[in-house]
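Summary of structural features
Given next are the chains, with one letter for each unit.
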Amino acid sequence: MRGDDVRWGADVRSISDMAGESLLLGGGGRAILLQLANPAVGHGVADHSDFVDRPLARLHGTMTYLYAIVFGTPDEVAFVRALVDRAHQPVRSTASSPVAYDAVDPQLQLWVAATLYDSAITLYERVHGALSPEAAEAVYRDYVVVGSALQMPPELWPATRAEFRTWWDAQLAGLSVDAVTRDVAHQLLHPVNVPVALRLAMPLARLVTAGLLPATVREAFGLPWGAVRQGLFDVVAGVSRVVVPRLPARVRHVLRDNYLRRLRRYMAQRGTEQAG
């Protein structure tokens with residue numbers, strides 16, 4: 001892993017040079033809505049997640065998993081893999097479910113990993129600048145670990161970015177949003193049981209999420225858009241391009257460091273409880 005000197009897209013050589021940037025949290029809403037637009041993922045989340053009482057649980061879980069997989073020790077990787085596997089085991093459709101799903105289905109894990117990769121690279125390059133073809137290919141290959149750390153066989157990950165783009169476009173064309181998944185998305189974007197500061201930040205989060213989504217997916221979820229919102233989104237993106245790359249590393253990586261610190265405290269607590 002390289003040091004904390006990442007400033008511009010040209011400095012990225014691997015997933016660890018990019019995945020620690022707090023900026024990427026801004027793509028979390030996009031990734032989750034893309035996941036929900038796959039009916040099997042969307043109905044699995046709707047049936048087995050409580051977005052009303054714990055609206056940020058999926059985001060927190062995803063961020064902890066990503067940071068541990070990329071930056072954690074072997075013990076931390078094994079710990080979060082076990083946590084995710086346990087959480088996934090009961091997430092299966094029943095005979096009465098309108099959509100069949102199973103959280104350990106490698107194809108669904110491929111889709112989730114793909115949304116995380118595509119959202120990360122889309123936002124990163126928009127703010128920091130385009131990666132060189134060689135770096136972009138290396139980062140893309142590294143992202144296979146997001147799915148292969150679970151049940152996804154590495155060979156399911158398209159071999160090149162070009163193959164990924166062809167596959168991705170075909171997946172986008174097959175997405176479908178219904179009333180169930182639209183309601184889950186609404187709960188995610190309009191959380192109630194969150195701190196006031198976060199609630200005040202949600203209009204910006206909704207703007208960024210809608211602006212980053214493919215237009216077809218944005219429209220399927222019924223997210224409002226138009227010239228005014230596009231203009232505001234462009235302003236936010238422009239300010240981010242100027243400010244974010246110039247922030248100190250401790251600021252750009254604060255989320256990574258905090259999530260890993262929380263994970264290590266939790267692991268230590270669990271170890272103490274088990275020892276007792």
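Here's what I pulled together on the structure shown here. Fair warning: this is a prediction, and the values are worked out from it, not measured in the lab.

All right, on to the overall build of the protein then. Regarding its fold elements, the protein presents 15 helices and zero strands. Taking 2.2 N^0.38 as the reference for a compact globule, 276 residues should give roughly 19 Å; the C-alpha atoms of the protein span a radius of gyration of 18 Å, in line with that estimate. Reported as C-alpha extents along the three principal axes, the dimensions of the protein are approximately 50 × 50 × 45 Å. Put simply, the protein has 276 residues, and 46% of those count as buried. Sequence-distant contacts in the protein: of pairs separated by 6 or more residues, those separated by 24 or more amount to 75%. Here the protein displays about 13300 Å² of accessible surface, and carbon together with sulfur accounts for 58% of that area.

Let's shift gears to the packing of aromatic side chains. Centre distance and the angle of the planes are the two values used to describe a pair of aromatic rings. In the structure shown here, the tally under the stated rule is 14 aromatic pairs. When the centroid spacing of 5.2 Å and the interplanar angle of 70 degrees are considered together, the rings of Tyr117 and Tyr140 count as edge-to-face. Here Tyr140 lies in helix α7 (residues 133-142) and Tyr117 lies in helix α6 (residues 106-128), a separation of 23 residues in the sequence. Residue classification places Tyr117 among the buried positions, given a relative accessible area of 4%. Tyr140 gets classed as buried once you look at its relative accessible area, which sits at 0%. A network of ring pairs unites the aromatic residues Trp111, Tyr117, Tyr140, Tyr143, Trp157, Phe164, Trp167 and Trp168 as a single cluster.

Conventions we followed
- Residues numbered from 1 in each chain as written.
- Predicted model: local features only at pLDDT ≥ 70, side-chain atom pairs only at ≥ 80, totals over all residues.
- Heavy atoms only, no water.
- Helix = DSSP H or I, 4+ residues; strand = E, 2+ residues; numbered from the N terminus.
- Rg over C-alpha atoms; globule rule 2.2 N^0.38 Å.
- Buried < 20%, exposed > 50% of the residue type's maximum accessible area, 1.4 Å probe, protein only.
- Contact = heavy atoms within 4.5 Å.
- Areas by Shrake-Rupley, 256 points an atom, 1.4 Å probe, with all protein chains shown as cover.
- Phe/Tyr/Trp six-rings, centres within 6.5 Å; stacked < 30°, edge-to-face > 60°.

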